[in-house]
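Structural overview for review
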Amino acid sequence: MEKGTLVEFRVHGDRRLAVADRPDGKKNWVVVDENGQPHSIPPKQISYEAVGETYKPSDISKFLKEVESYSDPSSLEVAWELLVGDGENTDPESLAMLLFSDRTAAQCYAAYCLLSTDKLYFKQKGDRYEPRSTAQVAEIKHQQEVEQQRHQESQGFWDRVKQRLAGENNLDWLPSDRTRLDALERFATLGEEATHRTPALETLASLQRPENPEAAFGLLVDLGLWSPHENLFLRRSQIPLQLSAKVLEVAESCLENPATDSETDRLDLTHLKVYTIDDESTTEIDDGLSLEFLENGQQRLWIHIADPTRLLSPGDELDLEARKRTTTVYLPTGMIPMFPPALATGPMSLIQGKECSALSFSVTLDETGAAQDYSIHISTIKPTYRLTYDDVDEMLELGIEAEPEISAIASAAKLRQKWREAQGAISIFMPESVIKVNGDEIKIHVIDDSTARLLVAEMMILGGELAARYGQTHSLPIPYRYQPQPELPPEEELLAVPAGPARACAVRRCMPRSEMGLTPGRHAGLGLESYTQVTSPIRRYTDLLTHFQIKAHLRGEPLPFSAQEIQDIVMCLGTAVREASTVERQTNRYWGLEYLRRNPDEVWEALMLRWLREDSNLALILLEELGLELAMRFGRSIEIGDRLEVKVTHCDPRSDVINFQEVILEAAQ
């Protein structure tokens, strides 16, 4: 290299032009840039030499302006199109001649810059550049377009995140945002067990937030995607939250074009007075009661159960969706229905004043309360009164003469209860809380052991007994429920526990879980030799199965499900039912704790139910006003059944942590 040679060298990847001034040692050269700044550089750092002319550092600026006039990137595509057909290699000098019909120093350097920065049309091989094939260029263009789109989507995502975090809630997320948002939701829900966590971790890191599930949860709340009370128990479950478009379409068709009832000989029971009795908030009305006063002085009870099978067939869209869902899930924030709500609360329900399809159980009781004569009918009824439990309790208390049927049904229910107790039934009553969340308001109502609730419960148990008896008599494969006999503590031990919730809790601990199978068996808790659930076909799939089987037998038709099919279905349903029950329990506990967290100054009356770990003074207490059972550690001696007053000292519903302290009244000190 000679003094005055214009060279390009790189500093941290950036191009620099300078003019050679003098050698520096054995190999290096001192070059001077346009600002007069000297640099000592080795030959390997020089990436280009302009030949044919000598320069001064002051010429560099003018040279660059001349180069700029030739640096049109689109000209490279023209050169590629000319060269690719022949597969010819090129170099800066040849390319300058091809593009500019000359090869001045500025033109050659401009050609060099175009070639050395190109990632699309040419591929460097030594000092020359080989044109890529048409297919290669097309593929690279596609990759660049994809990358550009990905970059635009990523930039758009960050813009929307910043806008949301700044309080702009009116913008919509795009489908392209879902990858990152879904990753955040998975990470917040499942923590370290979540798959594909990388986008979530990148998002949190970019926003300088901790890379943990709690931070992901907080970000989703800040973005307005989740509520601060998002139900993680539900999200971790396999419970389907949305109905498919196909199922909704079928439901809409059922509503707009109701199918003709295939039951041509339904028993017309529209002359009966029918009472439906539920909580005020219940929307799926699936049972009603009637009572006939017979000429011989006897009474005939009627238990009418909604007939949703009129609107579906085994294996159709609605049936398979219900089978997948297994049960309606009841949460404080609302329910997740087994059937589309428009059907479940509409044509499937027993609606006051409308003719409704039903499966009706007729029965007379003997003087002890045992079911004497019974029959089952595919029927049509017309519900007369839509009553709440409070309505019925009030009617019974006032002794309304215009509705003697209600009083008679209540008497029959008490007789049935006594009969079941004589058969060994084990009655356990524990205060049960119903938690409702509406917006930011939490309400807790404790269900009392009222006559109306006893009335309905006994009639539903009676319906289940009759269905099981029918199935057993006719050898029908239906899902029977049974419960092994519990091993209760000795009577003197139970009597030593104060009567009420504490004693009921002691008995409850001994009760084995009820089971389900195709063989009838004794249900110890109910005191029945055989039993099946049949009274909630809109809300429980096992009840629906029993309806399908019994109705087919009543019609004299082949059963829709074989014993093996019923067995297979029941086995699959068991897991889903347990999961739904767990989610309901966990969600209720969360909102119970949240209610207590919001009332830190409240003093609650509590009852010590039992020891959880007596050696560490950890016990289970019942907050009687709320029907909530929670753990508490005592700092003093206490006995089962003792009553006390407590306050919450710390409560974190999300972490499932609550601590109490006992309140000692001054007068008692």
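See the structure above.
Since the structure is predicted, the reported quantities are computational estimates derived from the model, not experimental observations. (Residues numbered from 1 in each chain as written. Predicted model: local features only at pLDDT ≥ 70, side-chain atom pairs only at ≥ 80, totals over all residues. Heavy atoms only, no water.)

Turning our attention to unusual backbone geometry. The phi torsion at Thr-326 lies on the positive side, around 75°, for a residue other than glycine. The residue Thr-326 is located in the loop between helix H11 (317-325) and strand E12 (329-331) in this model. Residue Thr-326 is classed as buried on the basis of its relative accessible area of 4%. Even without glycine at this site, Asp-656 takes up a positive phi of about 60°. Secondary-structure assignment places Asp-656 in the loop between strand E24 (643-652) and strand E25 (657-662). (Helix = DSSP H or I, 4+ residues; strand = E, 2+ residues; numbered from the N terminus. Buried < 20%, exposed > 50% of the residue type's maximum accessible area, 1.4 Å probe, protein only.)

Any aromatic ring pair is given by two values, namely how distant the centres are and how the planes are angled relative to each other. Counting across every chain of the model gives 14 aromatic pairs. Taking 5.3 Å as the distance between ring centres and 50° as the angle between the ring planes, the aromatic pair formed by Tyr-48 and Tyr-109 counts as tilted. Separated by 61 residues along the polypeptide, Tyr-48 in strand E5 (residues 46-50) and Tyr-109 in helix H4 (residues 105-117) bring together distant segments of the chain. Under the relative-accessibility criterion, Tyr-109 is labelled buried at 4%. Directly above the aromatic system of Tyr-389 lies the positively charged group of Arg-453, at a separation of 4.1 Å from the ring centroid. (Phe/Tyr/Trp six-rings, centres within 6.5 Å; stacked < 30°, edge-to-face > 60°. Lys NZ or Arg CZ within 6 Å of the ring centre and 35° of its normal.)

We now examine the pattern of salt bridges. Note on pairing: side chains with opposite charge can pair once their charged atoms come close. Applying the stated criterion across every chain, the model contains 38 salt bridges. Asp-21 serves as the salt-bridge partner of Lys-3, at 2.9 Å between the closest nitrogen and oxygen. Placement of the pair is Lys-3 in the segment before strand E1 (6-11) and Asp-21 in strand E2 (residues 14-24), with a sequence separation of 18 residues. Taking the relative accessible area as the measure of exposure, Lys-3 reaches 55% and is therefore exposed. The partly exposed category is assigned to Asp-21, whose relative accessible area is 24%. (Salt bridge = Lys/Arg side-chain N within 4 Å of Asp/Glu carboxyl O.)

Looking now at the sheet that holds strand E22 (residues 618-623). If you walk across this open sheet you meet the 5 strands as E23-E22-E21-E24-E25, and the pairing is antiparallel. Across the chains shown, the open sheet's two edge strands, defined by having one partner strand only, are strand E23 (628-633) and E25. Geometrically, the sheet is characterised by an average inter-axis angle of 45° between neighbouring strands, direction not taken into account. Direction of pairing for E22 relative to E23: antiparallel, over a ladder of 6 bridges. Bridge assignment links Leu-623 to a residue of E23, and that residue is Leu-628. Together, strand E21 (604-613), E22 and E23 form the strand contacts of helix H17 (residues 501-508), whose direction differs from that of E21 by roughly 30°. Along the sheet, helix H19 (residues 563-597) makes contact with E21, E22, E23, E24 and E25, crossing E23 at roughly 65°. (Pairing = 2+ DSSP bridges. Axes fitted to C-alpha atoms, helices over the stretch in contact; angles between N-to-C directions. Contact = heavy atoms within 4.5 Å.)

Residues Glu-280, Asp-390, Asp-391, Glu-394, Glu-397, Asp-448 and Asp-449 make up a contiguous surface patch of negative charge. Along the polypeptide, Asp-449 turns up in the loop between strand E18 (441-447) and helix H15 (451-473). Looking at Asp-449, the relative accessible area reads 55%, which means it is exposed. (Patch = residues over 30% accessible without salt bridge, like charges linked within 9 Å, V, L, I, M, F, W, Y side chains within 5 Å. Areas by Shrake-Rupley, 256 points an atom, 1.4 Å probe, with all protein chains shown as cover. Lys, Arg positive; Asp, Glu negative; His and termini not counted. Charge placed at Lys NZ, Arg CZ, Asp CG, Glu CD.)

With that out of the way, let us pick up the nonpolar core. Counting residues in each nonpolar core, the largest one holds 39 residues, and the members touching the most others are Ile-277, Leu-289, Leu-301, Phe-361, Leu-455, Met-459 and Leu-462. Only strand E9 (275-278), strand E10 (287-293), strand E11 (299-306), strand E14 (356-365), strand E15 (371-381), helix H13 (389-398), helix H14 (404-422) and H15 provide two or more residues apiece to this core. Dropping the residues within four chain positions of it, Phe-361 is found in contact with Leu-301, Trp-302, Ile-303, Ile-305, Ser-375, Ile-376, Gly-463, Leu-466, Ala-467 and Val-534. (Core = buried A, V, L, I, M, F, W, Y, C linked by side-chain atoms within 4.5 Å.)

Worth remembering: the numbers are spatial, not functional.
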